[in-house]
Amino acid sequence: MTRVACAQLAPRLGDLAENRARTLAAIHAARLRDAEVLVLPELASSGYVFADEAEARSVAVPARDPLLADWVRAAGELTVVAGFCELGDDGALYNSAAVLDGEGVRAVYRKTHLWDRERLVFTPGELPPPVVRTKAGSLGVLICYDLEFPELPRTLALRGAELIVAPVNWPLVPRPHGERPPEVVQAMAAARTNRVFVAICDRTGTERGQRWTAGTSIIDESGWVVAESTADTLVVADLDLSRARDKAISERNDVLADRRPELYD
């Protein structure tokens, strides 16, 4: 079994020192719970609702920044996936997620699909999302709006991802009473149609009038939510990631082998 944790918290807009403290506290809490994978929210280093590019640039950090080095030192045997506002070597700003452990930064993924006003601040990533082989298992990485494009979870599954991890900031939207957030429904569908586990870490609070869904969810390979919370808390679940290697859904059906991509264009 692999113990997966998501630290649902509220980054403070523009406060790098406070966000550093909150994320390091979350890493410490996950290690106390013997977690092997920890997911932090999208843009956990900086907050989200920037007034303009200049404000985002004032809190952007390169992937070699001491903040990521602090995360590495704190991680130990834990694999951490954390959203941060990245200043690229090319001078562009990226909405990024770092995959790291005590040995260093394993990968940095730049969000491919930018949501709404993100387009006024960030440059979209040009590389496919990574599948990172970690001590805990094979992790595919997406960020928020990426999950709404079914091609991305599918390609991660085809490349061997057992667990898709996604830092997110989901704006609160109306939904019928008793229903899950629509973004969680989409993530459940991605898990079920690809027979992969999905761990989504959302944020809480209100930022410049924007309320957040607080929809953190851990989903099994059959598409069922096995752990969730709407509070500032650490959500934890024990997952048998080996089950994601079996794509059979009946005696004669396999969700990947049954594909007919020649008919899909």
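Residues numbered from 1 in each chain as written. Predicted model: local features only at pLDDT ≥ 70, side-chain atom pairs only at ≥ 80, totals over all residues. Heavy atoms only, no water.

Using the following cut-off: UniProt positions are given in the numbering used here, feature names are shortened, and annotations may be inferred rather than shown by experiment.
The chain carries the name Hydrolase in an unreviewed UniProt entry, which gives Prauserella endophytica as its organism. What UniProt records for the chain under Sequence similarities (unreviewed entry) is the sentence "Belongs to the carbon-nitrogen hydrolase superfamily. NIT1/NIT2 family."

## Details of helix α1 (residues 16-32)
The condition that has to hold: Runs of H or I in DSSP of at least four residues are treated as helices and runs of E of at least two as strands, each being numbered from the N terminus. Every helix has an expected span of 1.5 Å times one less than the residues it contains. Working definition: with a 1.4 Å probe on protein chains only, accessible area under 20% of the residue-type maximum means buried, over 50% means exposed, and in between means partly exposed. By construction, the arc corresponds to the directions joining the helix axis to the C-beta atoms. Throughout, a contact is declared for two residues whenever any of their heavy atoms are within 4.5 Å.
Here α1 contains 17 residues, and its C-alpha end-to-end distance of 24 Å stays within 8% of the 24 Å for a straight helix at 1.5 Å per residue. Turning to α1, its buried residues are Asn 19, Thr 23, Leu 24, Ala 26, Ile 27 and Ala 30. Each buried residue of α1 lies within a common arc of 155 degrees when the element is viewed along its axis, so the set occupies one face. The exposed set on the far side of α1, more than 90 degrees from its buried face, consists of Ala 17, His 28 and Leu 32. The inward-facing, buried residues of α1 contact β1 (2-8), β2 (37-39), α3 (66-75), β3 (79-87) and β14 (233-239).

## A word on the packing of helix α4 (residues 151-158) against helix α5 (residues 182-194)
Packed helices, taken two at a time, are described by the angle their axes make and the gap between the axes. Our working definition: To define axes, lines are fitted to C-alpha atoms, for helices over the stretch in contact only, and angles between the resulting N-to-C directions are given on a 0 to 180 degree scale. The sense of a crossing depends on the near helix, which, turned anticlockwise from the far helix by less than a right angle, makes the crossing left-handed and, turned clockwise, makes it right-handed. Each residue is assigned to one class: nonpolar for Ala, Val, Leu, Ile, Met, Phe, Trp, Tyr, Cys and Pro, charged for Asp, Glu, Lys and Arg, and polar for all the others, Gly among them.
Remark: α4 packs on α5, axes separated minimally by 10 Å, with the N-to-C direction vectors making an angle of 35 degrees. α4 and α5 meet at a crossing whose hand is right-handed. Contacts between α4 and α5 pair Pro 153, Arg 154 and Ala 157 from the former with Ala 190, Thr 193 and Asn 194 from the latter. Residue composition of the contact of α4 with α5, grouped by class: 3 nonpolar, 2 polar and 1 charged.

## What to know about the pattern of salt bridges
Under the convention used in this document: Every case where a carboxyl oxygen of Asp or Glu lies within 4 Å of a side-chain nitrogen of Lys or Arg is listed as a salt bridge.
By the definition in use, this model includes 21 salt bridges. Residue Glu 18 is joined to Arg 22 by a salt bridge in which the shortest nitrogen-to-oxygen separation is 2.7 Å. Taken together, the residues span about one helical turn, with Glu 18 and Arg 22 both in helix α1 at a distance of 4 residues. In this structure, the salt-bridge partner of Asp 101 is Arg 106, at a minimum N-O distance of 3.6 Å. Of the residues examined, Asp 101 reaches a relative accessible area of 3% and is grouped as buried. Owing to a relative accessible area of 39%, Arg 106 belongs among the partly exposed residues under this scheme. Through salt bridges with shared partners, a single ionic network connects Arg 20, Asp 70 and Arg 73.

## Remarks on the sheet that holds strand β12 (residues 217-219)
Basically, it comes down to this: Two strands pair if DSSP finds at least two bridges between them.
As summarised here, the arrangement of the 6 strands in space is β6-β7-β8-β9-β12-β13, forming an open sheet in which the pairing is mixed. Only two strands of the sheet have a single neighbouring strand rather than two, namely β6 (131-133) and β13 (225-228). Mean inter-strand twist for the sheet, computed between neighbouring axes without regard to direction, equals 20 degrees. In terms of strand pairing, strand β9 (residues 197-201) meets β12 through 3 bridges, oriented antiparallel. When the sheet's bridge partners are listed, Ala 199 is paired in β12 with Ile 218. Across the sheet, α5 touches β9, β12 and β13, and the angle it forms with β12 is around 20 degrees.

## Some thoughts on unusual backbone geometry
One non-glycine residue, Arg 195, lies in the positive phi region at around 55 degrees. With respect to the element layout, Arg 195 can be found in the loop between α5 and β9.

## Brief notes about the side chain of Asp 220
As a reminder of what qualifies: We score Asp and Glu as negative and Lys and Arg as positive, and we do not count His or the chain ends. A 3.5 Å cut-off defines polar contacts: any pair of N or O atoms within that distance qualifies, except that in protein one atom must be a possible hydrogen donor and the other a possible acceptor, and neighbouring residues in sequence count only when both atoms are side-chain atoms.
Tracing the sequence through the fold places Asp 220 in the loop between β12 and β13. An unpaired buried charge is present at Asp 220: no salt bridge exists, and Arg 243, the closest side chain of opposite charge, is 4.5 Å distant. A polar contact is formed between the side chain of Asp 220 and the backbone nitrogen of Ser 222, at a distance of 2.9 Å. Excluding anything up to four places from it in sequence, Asp 220 contacts Ala 191, Val 196, Phe 197, Val 226 and Arg 243.

## Considerations on the side chain of Glu 118
Mapped onto the elements of the fold, Glu 118 is located in the loop between β5 (104-110) and β6. Among all residues touching Glu 118, those that are not within four sequence positions of it are Glu 42, Tyr 48, Asn 95 and Lys 111.

## Focus: α5
The first and last C-alpha atoms of α5 sit 18 Å apart over 13 residues, in line with the 18 Å expected at 1.5 Å per residue. By the burial criterion, the buried members of α5 are Glu 183, Val 184, Ala 187, Met 188, Ala 190, Ala 191 and Asn 194. One face of α5 carries all of its buried residues, which in axial projection span an arc of 155 degrees. With its phi angle positive at about 55 degrees, Arg 195 sits one or two positions after the end of α5.

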